[in-house]
Amino acid sequence: MKIGAPKEKTIGEARVALTPESAQRLQKLGYECLVESGAGLAASLPDSAYEAAGVKVVNTAEELWSQADIVVKVREPAADEIDASPSDKILVSFVYPASNEALLTQMNSKNISALAMDMVPRISRAQKMDALSSMANIAGYRAVIEASNNFGRFFTGQMTAAGKVPPARVLVLGAGVAGLAAIGTSVSLGAITLAFDVRPEVSEQIESMGAEFVFLEFDEAQLDGATTNGYASPSSQAFIDKQREKFRELAPSIDIVITSALIPNRPAPELWTEDMVASMKQGSVIVDLAAERGGNCALTKPGSKYVTDNGVTIIGYTDFPSRMAAQSSTLYANNIRHMIDDLTPEKDGVAVIDMEDDVIRGALVTHQGEITWPPPPPKIQAIAAASPKPKEAVESDADKASREQKELQRSLNLTGVMLGLGGILCLALGAVAPPSFMQHFIVFVLSIFIGFHVIWGVSHSLHTPLMAITNAISSIIIVGALLQVVSDSWLVMILASIAILIASVNIFGGFLVTRRMLAMFQRS
């Protein structure tokens with residue numbers, strides 16, 4: 001079968017669904033690859049790069065649609081593309097079926113089997129095909145870059161001979177994939193970064209990245225959490241009021257606001273109101289990543305950038321991934337490749353649509369003359385949908401003291417039993433073993449006992465220093481074994497040789513692991 005990628009018709013769309021690298025992987029699956037001439041130019045992928053990868057370059061979209069069995073795209077196909085397309089094709093692209101019912105009907109009339117990359121279930125196995133997350137990651141990064149380009153100061157604070165430069169204060173609203181990417185980029189640029197999300201369970205992720213989580217003093221039994229698709233659920237009005245109260249408190253001190261709150265197939269919730277914009281300092285910047293769905297900011301103008309009367313720049317671009325076309329094309333083409341890989345169970349260049357596969361069935365919106373959207377719920381639910389663990393009851397001081405006393409008593413009893421058994425074993429062994437053996441044996445037992453308690457009490461953070469100590473001990477073992485390897489007893493020679501081998505493996509392995517761990521903290 002043949003896979004083809006036409007040039008995107010949407011104005012301003014610079015991405016392409018097939019790259020030379022992904023084409024080579026698809027060819028290994030048994031497919032032939034086609035691309036329309038000029039499809040990758042805006043993503044810095046000339047036709048010559050495709051030809052070098054063994055991809056056939058065709059002159060027109062009509063020629064590509066007629067030759068390809070599987071058509072891969074970024075944006076949903078236009079009506080005229082479907083009209084001109086032959087029947088019985090497989091289409092893989094963004095489709096957004098909830099808002100494109102006419103497109104579904106049109107594709108169904110042509111018996112097109114359409115796989116929507118925006119409908120890939122958010123389950124662990126499908127992460128490699130999750131194009132929404134891939135593009136959101138790029139959008140979050142690009143949002144910070146756009147903000148820094150329009151912000152009149154450094155992100156990081158500096159002390160210079162010319163004076164002190166305060167760090168920028170960045171607030172990220174929404175800690176999904178785009179929000180976390182924005183947080184990571186902002187922190188890496190040195191800004192004081194705050195973040196908010198209606199899901200309190202993401203606070204640890206935010207804080208682990210070096211940002212501060214904005215907590216709300218709000219007690220509600222059904223506190224917003226995540227739905228079965230991994231997104232945040234809509235908030236109650238009481239929660240929204242409390243949220244806006246907190247944002248109004250923060251607005252005057254914030255330099256940059258990046259909003260990324262979006263629930264699929266719903267208008268973007270309004271988080272940053274007009275009065276919050278009015279209270280921000282002149283020169284502040286708002287980047288609205290939800291502009292395509294109306295925006296999280298009340299004053300966002302989708303697709304454009306402008307400056308308010310009080311000097312706040314509001315950026316409402318709807319093509320952030322396309323502004324980094326080379327990177328986004330690479331990631332999106334990889335998502336497509338993994339989807340095709342799942343469609344090719346025999347790796348023989350023949351696509352098979354398995355209706356029992358959770359991922360394929362979830363993404364399939366039209367198939368064999370039937371509109372198959374919406375899909376049934378996946379058998380495996382999203383991780384974020386798992387109900388939070390109930391909080392443990394607070395233990396009183398008296399109960400804690402009683403519990404610790406019982407645990408100590410049990411530990412002492414167990415230790416006494418073990419010592420008793422050990423003593424009996426030593427007495428039994430001493431009755432038959434020579435005195436010289438017993439001296440060494442007792443030293444050996446005491447070494448194990450002391451070594452166990454010393455090693456067991458070492459913190460995980462000290463494992464690398466501990467490895468250096470074990471290397472030193474292994475070196476002592478090697479020296480002792482070398483002295484014994486020339487013994488007249490063949491048994492002693494064998495045991496000494498084994499000791500040298502094991503200690504050597506421990507030393508070289510320890511140095512190798514330590515070197516890798518230290519390399520994680522070095523900049524290339």
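Data block above holds the structure.
Reading the values: the criteria
Residues numbered from 1 in each chain as written. Predicted model: local features only at pLDDT ≥ 70, side-chain atom pairs only at ≥ 80, totals over all residues. Heavy atoms only, no water. Core = buried A, V, L, I, M, F, W, Y, C linked by side-chain atoms within 4.5 Å. Buried < 20%, exposed > 50% of the residue type's maximum accessible area, 1.4 Å probe, protein only. Helix = DSSP H or I, 4+ residues; strand = E, 2+ residues; numbered from the N terminus. Pairing = 2+ DSSP bridges. Contact = heavy atoms within 4.5 Å. Axes fitted to C-alpha atoms, helices over the stretch in contact; angles between N-to-C directions. Arc of directions from axis to C-beta. Expected span 1.5 Å × (residues − 1).

1. Notes on the nonpolar core
Counting 45 residues, the largest nonpolar core has I70, V92, Y332, M339 and I340 as its most contacted members. Where this core is concerned, the elements lending two or more residues are β1 (2-5), α1 (20-28), β2 (32-36), β4 (70-72), β5 (90-93), α6 (131-150), α11 (325-343) and α12 (358-363). Examining the composition of this core, we find that 6 residues originate from one element, α11, more than from any other. Counting residues in hydrophobic clusters, the runner-up holds 29 residues, among them A168, A191, A211 and L289.

2. A closer look at the sheet that holds β5
In sheet architecture, strand pairing relies on hydrogen bonds along the backbone and comes in two forms, parallel and antiparallel. Strand order in this open sheet of 8 strands is β3-β2-β1-β4-β5-β6-β16-β17, and the pairing throughout is mixed. At either end of the open sheet lies a strand with only one pairing partner, and these are β3 (56-58) and β17 (370-371). Against the sheet, α11 makes contact with β1, β4, β5 and β6 (113-116), and its axis sits at roughly 145° relative to β5, the strand it touches most.

3. What to know about α1
Each α-helix winds once per 3.6 residues, and so residues spaced three or four apart point in a common direction. All of the buried residues along α1 are P20, S22, A23 and L26. Down the axis of α1, the sector holding all buried residues measures 155°, keeping them to one side. Phi for G30, located one or two positions after α1, is positive at around 105°.

4. As for the side chain of S22
By the element assignment, S22 lies in helix α1. In contact with S22, not counting residues within four places along its chain, are A333 and R337.

5. Thoughts on the sheet that holds strand β14 (residues 305-307)
Spatially, 7 strands are ordered β11-β10-β9-β12-β13-β15-β14 in an open sheet, and the strand pairing comes out mixed. Edge positions in the sheet fall to β11 (212-213) and β14, since each of these pairs with one other strand and no more. Judged from the 3 bridges that link them, β14 and strand β15 (residues 313-315) form a sheet pairing that is antiparallel. Bridging from a neighbouring strand, K305 pairs with I315 of β15. Helix-sheet contacts for α6 involve β12 (256-259), β13 (285-288), β14 and β15, and the interaxial angle to β13 is about 155°. Sheet strands touched by helix α9 (residues 237-250): β9 (169-173) and β10 (192-196). Its angle to β10, the strand with the most contacts, is close to 165°.

6. Some remarks on helix α7 (residues 177-188)
The terminal C-alpha atoms of α7, which comprises 12 residues, lie 17 Å apart, in line with the 16 Å expected from a rise of 1.5 Å per residue. Inspection of α7 places A178, G179, L180, A181, A182, I183, T185 and S186 among the buried residues, and these make up the whole buried set. Contacts from the buried residues of α7 go to α6, β9, β10, α8 (203-208) and β12. Following α7 by one or two positions, G190 has its phi on the positive side, about 95°.

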